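Topology and contacts: notes
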Amino acid sequence: MQNRTTVTEFLLLGFSDVQEPQILHFVFFLVIYLADLVGNLLITTAIALNHHLHTPMYFFLMNLSLLDLGSISVPVPKSMANSLTNTKSISYFGCVAQVFLLFFFASADIVLFTVMVYDRYIAICQPLHYETKMNRRACVQMAASAWISGIINSDLNTGNTFALTFCAGNTVDQFFCEIPQLLKLACPDTYLSEVGFLVFGVCLALSCFVFIIVSYLQIFTMVLRIPSEQGRHKAFSTCLPHLTVISLLLCTATFAYLKPTSRTQNQHSSRGKNCRQQTQLDPVRPVGKPQLMHRGLWLGTHFERGRIT
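Now for a description of the structure that goes with this document. Values in this document were obtained by computation on a predicted structure and should not be read as measured data.

1. Quick word on the overall build of the chain
When helices and strands are counted, the chain shows eleven helices and three strands. Counting from the amino terminus, the chain carries its helices and strands in the arrangement β-α-α-α-β-α-α-α-β-α-α-α-α-α. By sequence separation, contacts in the chain at least 24 residues apart represent 79% of the contacts at least 6 residues apart. For the chain, the computed accessible surface area is about 15200 Å², with 68% contributed by carbon and sulfur atoms.

2. Considering the sheet that holds strand β2 (residues 89–91)
In spatial order, the strands read β2-β1-β3; together these three strands make up an open sheet with mixed pairing. The open sheet has two edge strands, β2 and β3 (171–172), and neither has a second partner. Alignment of strand β1 (residues 9–12) against β3, held across two bridges, turns out to be parallel. Counted as the bridge partner of Leu11 is Thr171 from β3.

3. Considerations on the packing of aromatic side chains
As enumerated under the stated definition, the model contains ten aromatic pairs in all. Both rings, one in Tyr92 and one in Phe93, keep their centres 5.6 Å apart while their planes meet at 85°; by these two values the pair is edge-to-face. With a relative accessible area of 18%, Tyr92 lands in the buried category. Between the aromatic rings of Phe104 and Phe105, the centroid separation amounts to 4.9 Å while the plane-to-plane angle is 45°, which identifies the pairing as tilted. Assigned by exposure class, Phe104 and Phe105 land together as buried. Each member of the aromatic cluster is reached from another via a ring pair, and the members are Phe10, Tyr92, Phe93 and Phe162.

4. Structural notes on the side chain of Asp119
For Asp119, the location among the structural elements is in helix α4 (residues 92–125). Separated by 2.7 Å, the side chains of Asp119 and Tyr130 make a polar contact.

5. Concerning the packing of helix α2 (residues 56–73) against α4
Two elements in contact, α2 and α4, have axes whose closest approach is 10 Å; the angle formed by their N-to-C orientations is 165°. Here α4 runs roughly antiparallel to α2, going by the angle between their axes. Crossing handedness for the pair α2 and α4: left-handed. Where α2 abuts α4, its residues Pro56, Met57, Phe60, Leu61, Asn63, Leu64, Leu67, Asp68, Gly70 and Ser71 lie against Leu102, Phe105, Ala108, Asp109, Leu112, Phe113, Val115, Met116, Asp119 and Arg120. In the contact of α2 with α4, the residues fall into 13 nonpolar, three polar and four charged.

6. Some remarks on the pairing of β1
Note on strand geometry: in a regular strand, side chains alternate between the two faces of the sheet. Residues Phe10 and Leu12 point to one face of β1 and are all buried, whereas Glu9 and Leu11, pointing to the other face, are not buried. Relative to β2, β1 is paired through three bridges, and the arrangement is antiparallel. Looking at the pairing, Phe10 lines up with Ile90 of β2.

7. Topic: the nonpolar core
Of all hydrophobic cores here, the largest spans 51 residues; its most connected members are Ile47, Phe60, Leu112, Met134 and Ile219. Secondary-structure elements contributing two or more residues to this core are α1 (19–49), α2, α3 (76–85), α4, α6 (136–162), α8 (191–223) and α9 (229–257). Looking at which element gives the most residues to this core, the answer is α4, with 15 residues. The residues touching Phe60, leaving out its near neighbours within four places in the chain, are Leu112, Val115, Met116, Asp119, Met134, Cys139, Met142 and Ala143. Among the nonpolar cores identified, the runner-up in size contains 18 residues, and Tyr92, Val99, Phe162 and Leu164 belong to it.

8. Structural notes on α3
Since one α-helical turn is 3.6 residues long, residues separated by three or four positions face the same way. Burial in α3 covers these residues: Val76, Ser79, Met80, Asn82 and Ser83. Summarising the axial view, the buried residues of α3 lie within an arc of 160°, below the 170-degree limit, and thus occupy one face. Directly beyond the C-terminal end of α3, a positive phi value near 60° is found at Asn86.

9. Examining the state of the cysteines
Following the criterion strictly, the structure yields one disulfide and no others. Between Cys95 and Cys177 runs a disulfide, and the two sulfur atoms are separated by 2.1 Å. Looking down the S-S bond of the Cys95 and Cys177 bridge, the torsion is -125°, so its handedness is left-handed. One end of the pair, Cys95, is in helix α4; the other, Cys177, is in the loop between β3 and α7 (179–183), with 82 residues separating them in the sequence. For the residue pair Cys95 and Cys177, the accessibility class agrees, reading buried in each case.

10. With respect to the pattern of salt bridges
One pass over the structure, following the stated rule, counts two salt bridges. Put simply, Arg120 and Asp119 hold a salt bridge, and the shortest N to O gap is 2.7 Å. Given the relative accessible area of 0%, Arg120 is considered buried. Across the pair Lys184 and Asp173 runs a salt bridge whose closest N-O atoms are separated by 3.8 Å. In this pair, Lys184 sits in the loop between α7 and α8 while Asp173 sits in the loop between β3 and α7, placing the two residues eleven residues apart along the sequence. A single burial state applies to Lys184 and to Asp173, both of which are buried.

Conventions adopted
- Residues numbered from 1 in each chain as written.
- Predicted model: local features only at pLDDT ≥ 70, side-chain atom pairs only at ≥ 80, totals over all residues.
- Heavy atoms only, no water.
- Helix = DSSP H or I, 4+ residues; strand = E, 2+ residues; numbered from the N terminus.
- Contact = heavy atoms within 4.5 Å.
- Areas by Shrake-Rupley, 256 points an atom, 1.4 Å probe, with all protein chains shown as cover.
- Pairing = 2+ DSSP bridges.
- Phe/Tyr/Trp six-rings, centres within 6.5 Å; stacked < 30°, edge-to-face > 60°.
- Buried < 20%, exposed > 50% of the residue type's maximum accessible area, 1.4 Å probe, protein only.
- Polar contact = N/O pair within 3.5 Å; in protein donor to acceptor, adjacent residues only side chain to side chain.
- Axes fitted to C-alpha atoms, helices over the stretch in contact; angles between N-to-C directions.
- Parallel < 35°, antiparallel > 145°, perpendicular 65-115°, else oblique.
- Left-handed = near helix turned anticlockwise from the far one by under 90°.
- Nonpolar A, V, L, I, M, F, W, Y, C, P; charged D, E, K, R; others polar.
- Core = buried A, V, L, I, M, F, W, Y, C linked by side-chain atoms within 4.5 Å.
- Arc of directions from axis to C-beta.
- Disulfide = S-S within 2.5 Å.
- Salt bridge = Lys/Arg side-chain N within 4 Å of Asp/Glu carboxyl O.

Now the structure itself:
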């Protein structure tokens, strides 16, 4: 018979039980977090204060910086605090907040990337209609749709996860709360919940990914027709950083999350390995996305208004 008890807190898996590795873990996360914090704040401030950067692509980039700052601020400070205090616990509602916010930022990220591809498509393939289609009102509505869709998606998935009863202990096989690991602790057979979670998230991601691929095929077809080498360079410089970031994001997400969550796998043998992999991947994943895209946008700044020479 399954042990059904009310869970009031969860135990997060630490990087190590030895003090020295915990200090190294704290320093590593601190460096990553400060780099991300400073980089995103500089980008956001520069875009907000420089009126020359008040263009659609930089507006979306500022939103991306805010999302990235939020996504790394959810798990990293808590993990750093646990390392310093040598504790592993997180309250039930703290775990709920982590799951909701992480899923929200991730979902909004995907939608915002799709919006940015649409912006590049209009700028390159329909430059004469750029000012009309990418006006201020349209940009605000598209950015708002990314944030709202993130909230809805996160609310559905978080509510579905914590509606389950946990009876397989309260130790999360991760240094922060995430849905695949929480499903391992649920009392009923998690197959349907797991499939529902995966199908919903994969459908959203795949629809965005298909749109991105189709748009980039048309963009590159149009770019190759540009007679000027300088014009082609400007076009590629604004698109390639974005495509690179999407590829890195998909690769790390696939490696981190497309693993079976069934209890039939050997949890004890894989626990340390999973934590080490995620410790390396998760805090680093948001870092550099806005910075890399910002560099590409600076290289192709004259292309921002659809001017191909």
